[in-house]
Amino acid sequence: MPIRTSSARWSGNLTEGSGTIRTGKGGFEGNYSFKSRFEEGEGTNPEELIGAAHAGCFSMAFSKGLADAGHTPTSVETTAKVHLDKTDAGMTITRIDLESVGDVPGIDDGEFQKIAQGAKENCPVSRLLSPGAEITLTARLA
């Protein structure tokens, strides 16, 4: 398997500096700052990128699980809400709420929910993040 690479460059101090985050193949490049991370400023932040990675990983794993069970989805759309909180240890990602909607012809809700839970537990990004952050899932059929 290939090794994936991303990079970041930061200039200046924490509160007044700024930086750029870039994925290795150039698919994404974004500016980030103290305000975009800890306030409501323009730009992106590491937590949004973690959320995007988690939503993408989960959607792919869920689609695979559905197809493997004989229910190829028309679409799976997932949002990840990443909670960055101040704890005794410092700023910490404490929870990620996955919200997913699947357009899956011919599946009942019970099977849909079972496959969704399996995807949440087994996508590589969930396995990476779950020892340190609570991961919740709300999944519904379109």
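Refer to the structure above for everything that follows.
**Student:** What am I meant to see in the sheet that holds strand β2 (residues 18–23) here?
**Tutor:** Reading across the sheet, the three strands line up as β1-β2-β3 and stay open at both edges, with antiparallel pairing between neighbours. With partners counted over all chains shown, the strands left at the sheet margins are β1 (6–11) and β3 (29–33), one partner each. On average, adjacent strands in this sheet sit at an angle of 20° to one another, irrespective of strand direction.

**Student:** Sorry, what's going on with the nonpolar core here?
**Tutor:** The tendency in soluble globular proteins is for nonpolar side chains to be buried side by side. The biggest cluster of nonpolar side chains holds 21 residues, and the ones touching the most others in it are F58, F62, L66, L98, I107, F112 and L137. At the level of elements, α2 (46–68), β4 (75–87), β5 (90–103), α3 (109–122), α4 (124–129) and β6 (134–141) are the ones that each hand at least two residues to this core. Per element, the largest residue contribution to this core is five residues, and it comes from α2. Those residues in contact with F58 that lie beyond four places of it in its chain are T78, L98, S100, A116, A119, K120, C123 and L137.

**Student:** For this particular structure, what's the right way to read the pairing of β1?
**Tutor:** Each regular strand carries side chains that alternate between the two faces of the sheet. Of all six residues that make up β1, zero are buried, and the element is exposed over most of its length. Two strands pair when backbone bridges link them, and β1 and β2 are joined in this way by six bridges, in the antiparallel orientation. Looking across to β2, one finds that R9 is bridged to T20. In this structure, the hairpin formed by β1 and β2 is closed by a connection of six residues, where G12 is found at a positive phi of approximately 95°.

About the thresholds
- Residues numbered from 1 in each chain as written.
- Predicted model: local features only at pLDDT ≥ 70, side-chain atom pairs only at ≥ 80, totals over all residues.
- Heavy atoms only, no water.
- Pairing = 2+ DSSP bridges.
- Helix = DSSP H or I, 4+ residues; strand = E, 2+ residues; numbered from the N terminus.
- Axes fitted to C-alpha atoms, helices over the stretch in contact; angles between N-to-C directions.
- Core = buried A, V, L, I, M, F, W, Y, C linked by side-chain atoms within 4.5 Å.
- Buried < 20%, exposed > 50% of the residue type's maximum accessible area, 1.4 Å probe, protein only.
- Contact = heavy atoms within 4.5 Å.

As far as function goes, none of this settles anything; it's purely spatial.
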